[in-house]
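# What the coordinates show
Listed here are the chains, written in short residue letters.
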Amino acid sequence: MSTSFQPHRAGDLHFLKRLNRSAILEQIRRTPGLTRADIATQAQLTKATVGGGVQSLLKQGWLREGELQKSNGGRPGRSLYLNDQHYAMLGAEVGVHGLRLVACTLSGELLASHHEHLVPTTPEVTAELLAELLQTLMASPVFAGRHCLGLGIALPGPIDPTTPVLRRAPNLGWRDIRFLELLSPHLPQMTGVWIMDNEAKSAAFGELYFRTGQIPDSLVYVSAGTGIGSGMVEGSHPPLISRGLQGLAGEIGHTVLQPGGLYCHCGNRGCAETLVSGWSIRAALGIAEEENLIEAILPRLHEEQVQLTLRRAGEALGTLLLNLHHTQNPSEIVLGGSLVQLGAPLLDPALAFFNAHQNRLLGTRHQVPLRVIEDSTFIAARGAAAQVLASVIHGPSDLI
Ligand SMILES: [Zn+2]
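The paragraphs below set out a description of the structure included in this document. None of these values were measured; they are calculated from a predicted model. (Residues numbered from 1 in each chain as written. Predicted model: local features only at pLDDT ≥ 70, side-chain atom pairs only at ≥ 80, totals over all residues.)

Once that is clear, we can look at the nonpolar core. Judged by nonpolar contacts, the single largest core of 99 residues is most densely connected at Ala204, Ala385 and Leu389. Take this core: its biggest share by element is 11 residues, from helix H11 (residues 379–394). When neighbours within four sequence positions are excluded, Ala385 is seen to be in contact with Met89, Leu90, Gly91, Val102, Cys104 and Gly152. (Core = buried A, V, L, I, M, F, W, Y, C linked by C-beta atoms within 7 Å. Buried ≥ 20, exposed ≤ 12 C-beta atoms within 10 Å, placed from the backbone. Helix = DSSP H or I, 4+ residues; strand = E, 2+ residues; numbered from the N terminus. Contact = placed C-beta atoms within 7 Å.)

This is the structure in structure tokens:
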């Protein structure tokens, strides 16, 4: 007796067609300009399957046709691109000192954005304010006539991998927050996918997912702001985020660099954040919570104490980069966050330490690509929007 599962034929065919459309869409998303013939070859699908799938995706507003491409032998075919005019995704980051919102196209291009500075407050007040700002963003003319695929929220702490709960945001003093449940009553008209994730994980996802052409196999994003965290994403169809059992994977700010050192906001001593983070630099230099950290420091860069604090913080950051390289070994490291704006006094010692030590173990000359993003204001919000798109393409949505 066969034990294999026999699905219903009609259902099976529908599922298969959807899977093919999702594969076609992913292919064009990653390599814009492909023709139907290119897709058939690369995805190992028949020309008829690709033709039917592309037709549906054009009709549903996912794709647009471009110029006629010459081909070797066969008929010339039209190049295909994502249609950036029909759909949009919303993304928002709840930071310790502000809210950052974006509306973006399928290609990740920002249609509108907003940065609201904020003194840390309660989850309820934050949700209400964020909802108001999202309503304003949706009312902007660039959003008019577009179909919204959903909303992604990036938060500054570990998210439970099984339920949408922010377990702890130590720099906000929040614990066990179901943020989407606080937000949804204020946005009754919002449809589509709702997602929440850790801000560094969202940023890492967006950095890989919106890339076209040469796409790295894996990528680590390091978020150096009020706190310090990281996110690792690898693979495709869709890229997977490392989370660990409790969502702690990548919480590098709370890896201990100095046993018995200063107390951290998490309750342990000597965490990396006690050496390199917005809050520890504030504490060391006496900068109040209400002040903009970067604006307060930049005019003081000539002071010896400022130079020393930033050099020590930079060395700690370099140590974290090196530890990530040896524990995760990603194809690319991306460094962002507000602390990057402090520039050379922080970054030079960090990069010097990383570059001097990254090849000691293997004795190679290969340098891991490390990209510093000078303005990463909207990177986590955009990444959360990318997660919405991936969820629609790979999930059970009836839009594809
Ligand atoms: Zn800690």
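From this point on, the discussion continues.
With that settled, the discussion passes to the sheet that holds strand E9 (residues 193–198). Picture the strands of a sheet paired through backbone hydrogen bonds; they go either parallel or antiparallel. Spatial strand order, E5-E4-E3-E6-E9: 5 strands in an open sheet with mixed pairing. The sheet is open, and its two edges are formed by strand E5 (110–117) and E9, each paired on a single side. Taking each pair of neighbouring strands and ignoring which way they run, the sheet shows an average axis angle of 15 degrees. Pairing between strand E4 (residues 98–104) and E5: 7 bridges, direction antiparallel. Counterpart to Ala103 in the pairing with E5 is Ala112. The sheet contacts of helix H4 (residues 123–138) involve strand E3 (87–94), E4 and E5, and relative to E4 the element is tilted by about 30 degrees. Each of E3, strand E6 (147–155) and E9 touches helix H6 (residues 199–209); the most contacted strand, E9, lies at about 110 degrees to it. (Pairing = 2+ DSSP bridges. Axes fitted to C-alpha atoms, helices over the stretch in contact; angles between N-to-C directions.)

Before going further, it helps to spend a moment on the packing of helix H7 (residues 278–285) against helix H9 (residues 304–327). With their axes 10 Å apart at the nearest point, H7 and H9 run at an angle of 155 degrees to one another. The angle between the axes of H7 and H9 places the two elements in the roughly antiparallel class. Regarding H7 and H9, the two cross each other, and that crossing is right-handed. Residues Ile281, Ala284 and Leu285 of H7 form the contact with H9, whose own contacting residues are Gln305, Val306, Thr309 and Ala313. Of the residues that constitute the contact of H7 with H9, the class distribution is 5 nonpolar, 2 polar and no charged. (Parallel < 35°, antiparallel > 145°, perpendicular 65-115°, else oblique. Left-handed = near helix turned anticlockwise from the far one by under 90°. Nonpolar A, V, L, I, M, F, W, Y, C, P; charged D, E, K, R; others polar.)

Okay, the pairing of E4 next. Of all 7 residues in E4, 5 are buried, a share of seventy percent or more. Bridging between E3 and E4 involves 6 bridges; their strand directions are antiparallel. If you follow Leu90 over to E4, its bridge partner there is Ala103. Taken together, E3 and the strand that follows it, E4, pair antiparallel across an intervening segment of 3 residues. Connecting the antiparallel pair E4 and E5 is a turn made up of 5 residues, with Gly108 showing a positive phi of about 90 degrees.

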